[in-house]
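In case you want the letters, here they are:
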Amino acid sequence: MIRRAKPTDFLAVAALDRDAWSENREATFIPDGEHAWRLWCEHGIVVLQEDGDRVLGAALAFPTLSGTFCLHKIFVDRSCRGGGVGTQLMEQILAAIDEQAVDCFLTVDPQNEAAIRLYESFGFTERVYVNGYYRESEDRFVLTRLKQKG
Ligand SMILES: CC(C)(COP(=O)(O)OP(=O)(O)OC[C@H]1O[C@@H](n2cnc3c(N)ncnc32)[C@H](O)[C@@H]1OP(=O)(O)O)[C@@H](O)C(=O)NCCC(=O)NCCS
């Protein structure tokens, strides 16, 4: 089942966040802390896919002071990638963002081809390369999806 997260989901989502990035570059720097997830789950837009009490994937977006949304995170349990969970999470979170009628941006490792293909298929087509966006060695593309009309 896919649904909006509740504040009580924060520990399960944070646990998957700690595990899901292990095959990404510079993986140890990527997960957010449990306290951040507690706040994201109540005050941001967090959608999750669950099977029983197991969280299979989650995505997080929040509004920024410039009026855009940031799609900060999307991750799927390694055991069920390639089965459409990421696509469903994108559909749900973008539907929520589109209710606000705003542009949305995200950052992605330029070598993360799976994620870039997923994002481009959902309209994140504006691309800026930022050298050392996080640490010096952590370059990123900033991809933007313009607000959807109507
Ligand atoms: C990126 C991620 C969220 C995709 O989730 P997923 O459930 O595997 O995605 P889906 O099965 O819905 O696939 C959606 C699309 O992603 C792309 N994709 C997924 N896996 C891919 C792969 N191994 N290689 C290339 N493209 C891939 C494809 O475009 C795919 O669409 P298609 O099947 O029509 O070709 C998942 O791989 C993940 O959690 N990765 C680790 C965390 C991460 O890198 N998150 C993004 C950080 S910016």
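Everything discussed here concerns the structure shown above.
Let me begin by describing the structure that accompanies this report. (Residues numbered from 1 in each chain as written. Predicted model: local features only at pLDDT ≥ 70, side-chain atom pairs only at ≥ 80, totals over all residues.)

### What about the nonpolar core?
Move 1: Within the largest apolar cluster, 37 residues are counted, with the highest numbers of intra-cluster contacts made by Val13, Val46, Val47, Ala58, Ala59, Ala61 and Ile93.
Move 2: If we ignore the near neighbours within four places in the chain, the residues touching Ile93 are Ile45, Val47, Ala59, Ala61 and Leu71. (Core = buried A, V, L, I, M, F, W, Y, C linked by C-beta atoms within 7 Å. Buried ≥ 20, exposed ≤ 12 C-beta atoms within 10 Å, placed from the backbone. Contact = placed C-beta atoms within 7 Å.)

### Description of unusual backbone geometry
In terms of backbone geometry, most residues other than glycine have negative phi values and most peptide bonds are trans.
Move 1: For Glu26, which is not a glycine, the phi torsion comes out positive at approximately 50°.
Move 2: Note on placement: Glu26 falls in the loop between α1 (10-20) and α2 (34-43).
Move 3: Backbone geometry at Ala101 places phi at a positive 50°, although glycine is not the residue there.
Move 4: Its place among the elements puts Ala101 in the loop between α3 (85-98) and β5 (104-108). (Helix = DSSP H or I, 4+ residues; strand = E, 2+ residues; numbered from the N terminus.)

### Examining the sheet that holds strand β6 (residues 126-130)
Move 1: The strand order across the open sheet formed by 7 strands is β1-β2-β3-β4-β5-β7-β6, and the pairing between neighbours is mixed. Because the sheet does not close on itself, it has two edges, and the strands there are β1 (2-4) and β6. Within the sheet, the average angular offset between the axes of one strand and its neighbour, ignoring direction, is 25°.
Move 2: As paired elements, β1 and strand β2 (residues 45-51) share 3 bridges and run antiparallel to each other. Within β2, the residue paired with Arg3 across the bridge is Leu48. (Pairing = 2+ DSSP bridges. Axes fitted to C-alpha atoms, helices over the stretch in contact; angles between N-to-C directions.)

### Digging into the environment of Tyr119
Move 1: With respect to the helices and strands, the residue Tyr119 is situated in helix α4 (residues 113-121).
Move 2: Sequence separation between Tyr119 and Leu106 is 13 residues; the distance between their C-alpha atoms is 9.1 Å.
Move 3: If we skip the residues at most four places from it in the chain, Tyr119 touches Leu106, Val108, Phe124 and Leu143.

### Notes on α2
Move 1: Turning to α2, its buried residues number three or more, namely Trp37, Trp40 and Cys41. Along the long axis of α2, the arc covered by the buried residues comes to 95°, so they all point the same way. Exposed side of α2, more than 90 degrees from the buried face: His35 and His43 are the residues found there.
Move 2: The inward-facing, buried residues of α2 contact α1, β2 and β3 (54-63). (Arc of directions from axis to C-beta.)

So far we have only geometry, and geometry alone does not tell us how the molecule works.
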